[in-house]
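Here's the letter readout for the chains.
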Amino acid sequence: MLLSDFATRLEKARRKAFKGGLEGYIAKCPNNAVHSNGDASLSFACWLGDDGFIHVKCQKGCSEDEILTAMALTQKDRDARGAVPDNTPEAVYRYDDE
């Protein structure tokens, strides 16, 4: 899953540059069960790490598993490495002029 696809599942997502040059988003935490009193306002961040995985952090302390469960996602969905298109050709054909 691409980070932009991940962000479309978030409420009030806004792009943000983090320390170290990482690009990501801040948003309202998707774990509404914990934030039912309205304290989820822009307390959530997600970014693409150097390891190729989407990382998530809630400033109010929600665990990664709680966040993914609230988004109906799994740990595999955090893997953005497979979402990057591979530019290698499937086949290479040689054409000779008679």
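As the structure is a computational prediction, the values presented were derived from the model and not from experiment.

### Considering the overall build of the protein
Within the protein one finds 2 helices and 4 strands. Reading the protein from its N terminus to its C terminus gives the helix and strand order α-β-β-β-β-α. The proportion of buried residues among the 98 residues of the protein is 31%. Within the protein, counting contacts between residues at least 6 apart in sequence, those at least 24 apart form 40% of the total. Of the roughly 6900 Å² that the protein leaves accessible, carbon and sulfur atoms contribute 48%.

### As for the pattern of salt bridges
Considering all chains together, one arrives at 5 salt bridges under this definition. Measuring nitrogen to oxygen at the nearest pair gives 3.7 Å for the salt bridge that ties Lys 28 to Glu 11. A residue pair is termed long-range when its members are at least 10 positions apart, and Lys 28 in strand E2 (residues 23-28) and Glu 11 in strand E1 (residues 11-17) qualify at 17 residues. Its relative accessible area of 23% is what places Lys 28 among the partly exposed residues. Residue class for Glu 11 comes out partly exposed when judged on its relative accessible area of 41%. Between Arg 81 and Asp 79 there is a salt bridge, with the nearest N and O atoms lying 2.9 Å from each other.

### Digging into the sheet that holds E2
Strand pairing in a sheet relies on backbone hydrogen bonds. The paired strands run either parallel or antiparallel. Across the sheet, 4 strands lie side by side as E1-E2-E3-E4; this open sheet has antiparallel pairing. Because the sheet does not close on itself, it has two edges, and the strands there are E1 and strand E4 (54-58). When strand polarity is set aside, the average angle formed by the axes of neighbouring strands in this sheet is 25°. In terms of strand pairing, strand E3 (residues 44-48) meets E4 through 5 bridges, oriented antiparallel. Within E4, the residue paired with Trp 47 across the bridge is His 55.

### Notes on the side chain of Arg 78
Tracing the sequence through the fold places Arg 78 in the segment after helix H2 (64-70). For Arg 78, a relative accessible area of 9% translates into the label buried. Excluding its chain neighbours within four sequence positions, the residues that come into contact with Arg 78 are Gly 52, Phe 53, Ile 54, His 55, Glu 64 and Leu 68.

Reading the values: rules and limits
Residues numbered from 1 in each chain as written. Predicted model: local features only at pLDDT ≥ 70, side-chain atom pairs only at ≥ 80, totals over all residues. Heavy atoms only, no water. Helix = DSSP H or I, 4+ residues; strand = E, 2+ residues; numbered from the N terminus. Buried < 20%, exposed > 50% of the residue type's maximum accessible area, 1.4 Å probe, protein only. Contact = heavy atoms within 4.5 Å. Areas by Shrake-Rupley, 256 points an atom, 1.4 Å probe, with all protein chains shown as cover. Salt bridge = Lys/Arg side-chain N within 4 Å of Asp/Glu carboxyl O. Pairing = 2+ DSSP bridges. Axes fitted to C-alpha atoms, helices over the stretch in contact; angles between N-to-C directions.

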